[in-house]
Structures are given as structure tokens and as C-alpha cells.
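Residue-level listing of the chains:
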Amino acid sequence: MNDSTLEKHCWAEIDLGALRHNFAYIRRTVGGPVCAVVKADAYGHGDVVVARVLQQEGAAAFAVSCLAEAKRLRRHGITVPVLILGYADPAQAAVLAREDIATTCFSTEYARALSAAAAAAGVTVKVHLKIDTGMGRIGFAVRSGFEEVVAELEALYALPNLAVSGVFQHFAVADSLDAGSRAYTDEQYTLFHRVVDRLQADGFATGTVHCANSAAQMRHPEWRDDMTRAGIILYGLDPSDELHFAPLKPVMALKCIVTFVKDLLPGQSVSYGRTFTASTPMRVATVCVGYADGYPRALSGTQGQGLMLVNRHPAPVLGRVCMDQTLLDVTGISGVRMGDEVTVFGPGGADTADTVARKTDTIAYEVVCGIARRVPRVYIENGNICKIWNDLEET
């Protein structure tokens, strides 16, 4: 962890107090163990610090997308169970066993390959069986034939060097409130538990049973099973525009500074493509954030698509967002000067991750996950900087 003094350029402030608050709220709502999903660098918030904080707060487990993410958690002191939600190369069986990392078993073909690799290495690998009840990505597709899939699952228990330590599924539309989506989510839940109940009735241990994602656990805390999986809600963002959980607090604010202020005369244009030309005298500020930092180029506009907060006032983006710099209209905002702090988006800003997502026709997940590694993560606790992660200064 790099704890050097912050160079004010472009940085992401991560409010650890908000993170702790969100986790406590989720756990109270669910009333049971919570697995913290920290894949994709904790949704752009920085996996190491986030995981350490959540381990302190009592996270029952962590979920990641790949072996590299799981190993990174282990290297940095995470001792609770870690589950890979996606594919892990069977050739890495020895590493999975050595690091005590469970991985997803999603097909008989994969199970056999992992079993063979584990046997060759003389180790036993923990797996969670993935039941596809309607997400349609990976997993044992139980909608294609219940009895056939149950028989296929039960046959896996005889494979050597695999230990079934969990069974899970993933909801496809739990974040949607229309009648069809509600019915589909209910069907997924019912079908999943038919599989779990059948395995248990036939004498097969299912380990940790979990099915509720962010949306499902907040809407249906009674679906807690042995554990729920909290992802986007940990970071204070809603699973969709249809669902809003008011107690959640956004954790990330993207910030930068003003680097240059100038007067723009009528007829003068700014940025690539000359998409904006002043018709009246204006005051324009250059700020040091661009699409290479994760600020979407789609927030470009002739005037007013993206909004940043300068000296407590909203300032519209002028012209095209560049790789490393963006121009703002600060006409009427008094006293703007080089070095002034700018909230690009986030709590207290003119734009939030949600409004940025709506303006760019995407979701808040992509907005926060898209913050570049070159942007330092600055961790705030009780109003003070407690950690700085600067990837460019790591060796």
C-alpha cells in the first residue's frame, strides 16, 4: 500500500465510513451472513482496502471473478473464505488448494478436468455447484430437464479430489419490478430450492447455500439461505433505476482540479472537432480529467451534457471530453482559479454515478468499474485521509 502524500491531480475519494455504514445496513436487513463481492477491483473502489475493512466488519466471505483476484486478497491478509464466481483454469488446482480458494463448478466437463488436475497434484479443491435456473450464462441448466440435471449433479460427488462446499445460482431480473420479472425471479428461487432440497433429500451435502444478489436480498431478506452476496449495494449504488434503497451512501467521489482559466471570445471554439463555438463572452476552465481516467467521452456535448461541481456550482462540459483534460463553462462562477477542487461526480457533486450512467446509456456499475488504475484511490475515514493507493507509484 502506497501512503505517499496526495498529489492533487485526478483522484477517487473512497469514504470508508460510508462503506462500513452500507455493510451494517445490509447485514441488518438480511439478518444473516453476507458475502462481499469485491470483483473488478471492488467495483473500482480498490479491492485490498475495501476487503480489509469489510473483513473487520464481519464479512462472512468474499466473491471475485478469477484466480488472480482471489490470490491478491490472500496476499493482502484476507483469511475468510474466498469464492471465484467464474472460470478458474483446472491446471491451477494446486494453487486453489494451497490458497484455500473455492471455485465455481458449472459443468460436468469442467468438473472432470478439475478433478483430474487436482488428483494429479495430490490436492483437494473446494467447489460451489452453479445451478443455472434462468440466467443462461454458466451452470447446470435445470430448466432443460430437472431429473437429468439432478442426476448429473449427484454424479459429481463421486469425482475424486473435489469437495462440494456450496451450491448457488444467480438471478437475472431481481432488479426489475414489472410483473413478468417478478414472476421470473420467483420461478428462479423456487427452482433453485427444488434442486437444493432434492440433493439434501438424496443424502448429498450442499455446503453453503446462497442465491440472493444485491437486489434480491434487499427485496426478499427471507431468501437469505446460508449467506447472501452483496455487490453494488456495498458501494452505495442502486441495482437499477427501478430500485432505490435510501439508507445506502455512495462510497466514491471522482475529483480533480482546475488547471487553467481563460476568457473565450465570441467566435472562438474549444476542443477536438470544434463542436462548441462561443456566441457570447465566456469564462472557461480546463480540468485534468478525461476518458483515460474513466470520465466517459459520451459526456461531451455542445454544452451541458456532463456537469461537474466547481466552487459549489454546477459547470457544464464544453465540447469534447479529451483523453486527459476536459473544458468547463464557469461563466458566472466567481473566483475560479488554478488549483480549485472539482467534483467530477459522486456525493455532493452536480452529477452522480447514476446520472452519469443515465446520460451515457449505461449502468452505474460500468461507471465506477471504469475508473482507471492510474487514478489514485484516496481513502477517507472520519474526514481524514487514512490510505492512498497509487498504482503508478507501486513497484
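Just so it is clear, the model here is predicted, and its values are computed rather than measured.

As a further point, take the overall build of the chain. Looking only at helices and strands, the chain features 11 helices and 20 strands. Overall size of the chain, expressed as C-alpha extent along the three principal axes, is 80 × 50 × 40 Å. Buried residues in the chain amount to 53% of all 395 residues. Split by element, the accessible area of the chain, about 16,400 Å² in all, is 51% carbon and sulfur.

A few words now on the pattern of salt bridges. Counted by the stated rule, this structure contains 18 salt bridges. Across the pair Asp41 and Arg373 runs a salt bridge, and its minimum N-O distance is 3.0 Å. One end of the pair, Asp41, is in helix H2 (residues 39-43); the other, Arg373, is in the loop between helix H11 (364-369) and strand S19 (377-381), and 332 residues separate them in sequence. Asp41 gets classed as buried once you look at its relative accessible area, which sits at 14%. Take Arg373: its relative accessible area is 34%, and that puts it in the partly exposed class. Here the salt bridges share partners, and the residues they tie into one network are Lys8, Glu13, Lys255 and Glu341.

Mapped onto this numbering, the UniProt entry gives "binding site: substrate" (unreviewed entry) at Arg137 and Met323. Spatial dispersion of the annotated residues is evident: they stretch over 187 residues in sequence, and the largest pairwise C-alpha distance comes to 34.2 Å. Topologically, Arg137 is positioned in the loop between strand S6 (125-132) and strand S7 (140-141). The contacts of Arg137, once residues within four sequence positions are left out, are Asp132 and His170.

Tallied over the full model, the rule gives 8 aromatic pairs. A centroid spacing of 6.4 Å and a plane angle of 50° characterise the contact between Tyr87 and Phe106, whose relative ring orientation is tilted. A residue pair is termed long-range when its members are at least 10 positions apart, and Tyr87 in the loop between strand S4 (82-84) and helix H5 (93-98) and Phe106 in the loop between strand S5 (101-105) and helix H6 (108-121) qualify at 19 residues. Grouped by ring-pair contacts, the aromatic residues Tyr43, Tyr235 and Tyr365 constitute a single cluster.

Let us now look at unusual backbone geometry. With the exception of glycine, most residues fall at negative phi, and the peptide bonds are largely trans. The phi angle at Asp100 is positive, at roughly 55°, despite the residue not being glycine. Relative to the assigned elements, Asp100 resides in the loop between H5 and S5. Positive phi values are uncommon outside glycine, yet Asn311 reaches one of about 50°. With respect to the secondary-structure elements, Asn311 resides in the loop between strand S15 (307-310) and strand S16 (313-318).

For the rest of this paragraph, the subject is the environment of Val375. Positionally, Val375 belongs in the loop between H11 and S19. Separated by 339 residues in sequence, Val375 and Ala36 have C-alpha atoms that sit 23 Å apart. Setting aside residues up to four positions removed in sequence, Val375 forms contacts with Cys10, Trp11, Ala12, Leu254 and Asp293.

This paragraph deals with the UniProt feature "active site" (unreviewed entry) in the chain. Here, UniProt's "active site" (unreviewed entry) annotation points to Lys39 and Tyr272. Across 234 residues of sequence, these annotated residues are also dispersed in space, with a maximum C-alpha separation of 35.4 Å. Here Lys39 lies in helix H2. Taking relative accessible area as the criterion, Lys39 reaches 30% and is therefore assigned partly exposed. Tracing the backbone through its elements, the reader meets Tyr272 in the loop between strand S12 (269-270) and strand S13 (276-277).

Turning our attention to the pairing of S15. Examined bridge by bridge, S15 and S16 share 4 bridges and lie antiparallel to one another. The residue bridging Val310 from the neighbouring strand is His313, located in S16. Connecting S15 to the next strand, S16, in antiparallel fashion are 2 residues, including Asn311 with a positive phi near 50°. Pairing of S15 with strand S18 (residues 341-345) involves 2 bridges; the strand directions are antiparallel. If you follow Val310 over to S18, its bridge partner there is Val342.

The rules behind the values
Residues numbered from 1 in each chain as written. Predicted model: local features only at pLDDT ≥ 70, side-chain atom pairs only at ≥ 80, totals over all residues. Heavy atoms only, no water. Helix = DSSP H or I, 4+ residues; strand = E, 2+ residues; numbered from the N terminus. Buried < 20%, exposed > 50% of the residue type's maximum accessible area, 1.4 Å probe, protein only. Areas by Shrake-Rupley, 256 points an atom, 1.4 Å probe, with all protein chains shown as cover. Salt bridge = Lys/Arg side-chain N within 4 Å of Asp/Glu carboxyl O. UniProt positions renumbered as here; feature names shortened; annotations may be inferred. Contact = heavy atoms within 4.5 Å. Phe/Tyr/Trp six-rings, centres within 6.5 Å; stacked < 30°, edge-to-face > 60°. Pairing = 2+ DSSP bridges.

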